[in-house]
Amino acid sequence: MNETLSTMIKSAVLVGTGLMLYAKISAGTLTYYINPRFVWLPYVALLIVISLALAMVYQLINRPKLALATAHGHTHDHTHDHDHDHTHNTSWLTIALLMIPVLFGLLAPTKPLGSGALGSRGLGQSAPAREAASSLRLAAPAKGEKNIMDWLREFSRSSNLNSFVGQPVDVIGFVYKDPKAGAGRFWVARFTVSCCVADASAIGMLVLSDNTVKDLQNDQWVRVTGKITVGDFDGEQVPVIAASKIELTVTPDNPYLQP
């Protein structure tokens, strides 16, 4: 690959990367991929990519002038330039590898993790530890504002699940219809993300609602209200939401919970 073509292709890759980042930023879907506290990083990356692309475009525009100056003996000897060009040329394989994430980011549908990701990750019933809880002294959620992760933390701190029976619960999550859950039951689930979706883990609460489950589909986002009870799942006693109301809702702007 000659130097001009190599520079043009590298510029195109940078422009494609910039477009991908801009598409995610403008669509407001960065939180589908990373923890909200890291959303500033794609903005920095976009600025760097734009700067590199502009530098390469400038190099392409001025290359004829450089070639003319070389012909008149105003640059280093030809042998040195020839060796330098071959050292830094980019292979087609490298270009292809760089284009794969760009094309995937531009063409793949943007959606948060759902039930399809549970096959490899599984669904947990214990919440991850709260990050830097001792130093930040994060306040406990107010009554009636507990999400799935908050409830699971409460359960893990207690040795008696029956002490929660009758407590009101109001949570939002996506539907996961686990065949092992039994008739009239499903999981209302969320993914927790510490850094990005690569470290995501799924957690959920079992929901009992005989009349509604058959109408629900995996990955539908629902708001479940009801009361805590205790039931059996896979041979163990687990907290269950006895649902009084289940209503469809939109996907939250931030679909993941942060430890």
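Cut-offs and rules
- Residue numbers run consecutively from 1 along every chain, following the written order of its sequence.
- The predicted nature of this model means local features are confined to residues of pLDDT at least 70 and side-chain atom pairs, given and counted, to a pLDDT of 80 or more, with totals for whole chains, interfaces and linings taken over all residues.
- The side-chain figures draw on all heavy atoms in the structure; neither hydrogens nor water molecules are used.
- Under the DSSP-based scheme used, a helix requires at least four consecutive residues in state H or I and a strand at least two consecutive residues in state E, with every element numbered from the N terminus.
- Working rule for contacts: check all heavy atoms of both residues, and any pair within 4.5 Å makes them a contact.
- Aromatic pairs are defined between Phe, Tyr and Trp rings, using the six-membered ring for Trp, whenever the two ring centres lie within 6.5 Å; interplanar angles under 30 degrees are classed as stacked, those over 60 as edge-to-face, and all others as tilted.
- Exposure is judged per residue with a 1.4 Å probe applied to protein chains only, and the accessible area is read against the type maximum: over 50% gives exposed, under 20% gives buried, and values in between give partly exposed.
- pLDDT is a per-residue confidence score from the predictor, ranging from 0 to 100.

Novice: Any chance you could explain the environment of Lys245 here in plain terms?
Specialist: When you line up the elements, Lys245 lands in strand β6 (residues 236-248). For Lys245 and Thr225, which are 20 residues apart along the polypeptide, the C-alpha to C-alpha distance reads 5.3 Å. Sequence-distant contacts of Lys245, defined by excluding residues within four places in its chain, comprise Arg223, Val224 and Thr225.

Novice: Would you explain the packing of aromatic side chains in this entry?
Specialist: The description of two aromatic rings rests on the distance between their centres and on the angle between their planes. One pass over the full model with this rule turns up five aromatic pairs. Measuring from ring centre to ring centre gives 5.8 Å for Phe174 and Phe191, while their planes differ by 15°; the resulting arrangement is stacked. In this pair, Phe174 is assigned in strand β2 (residues 168-176) and Phe191 in strand β3 (residues 185-192), connecting sequence segments 17 residues apart. With a relative accessible area of 1%, Phe174 lands in the buried category. When its relative accessible area of 1% is taken as the criterion, Phe191 is described as buried.

Novice: I would appreciate a short explanation of the confidence of the model for the protein in the present structure.
Specialist: As a note on interpretation, predicted positions should not be read in detail where pLDDT is low. On average, the protein scores 80 in pLDDT, and the residues at 70 or more come to 80%. Element-level mean pLDDT values for the protein span from 40 in helix α6 (residues 133-136) up to 96 in β2. Taken as a whole, residues 78-87 scores under 50 in pLDDT and shows four contacts with residues more than four places along the chain or in a different chain. Low pLDDT, under 50, characterises residues 132-139; the stretch is placed with six contacts to residues that sit more than four places away or in other chains.

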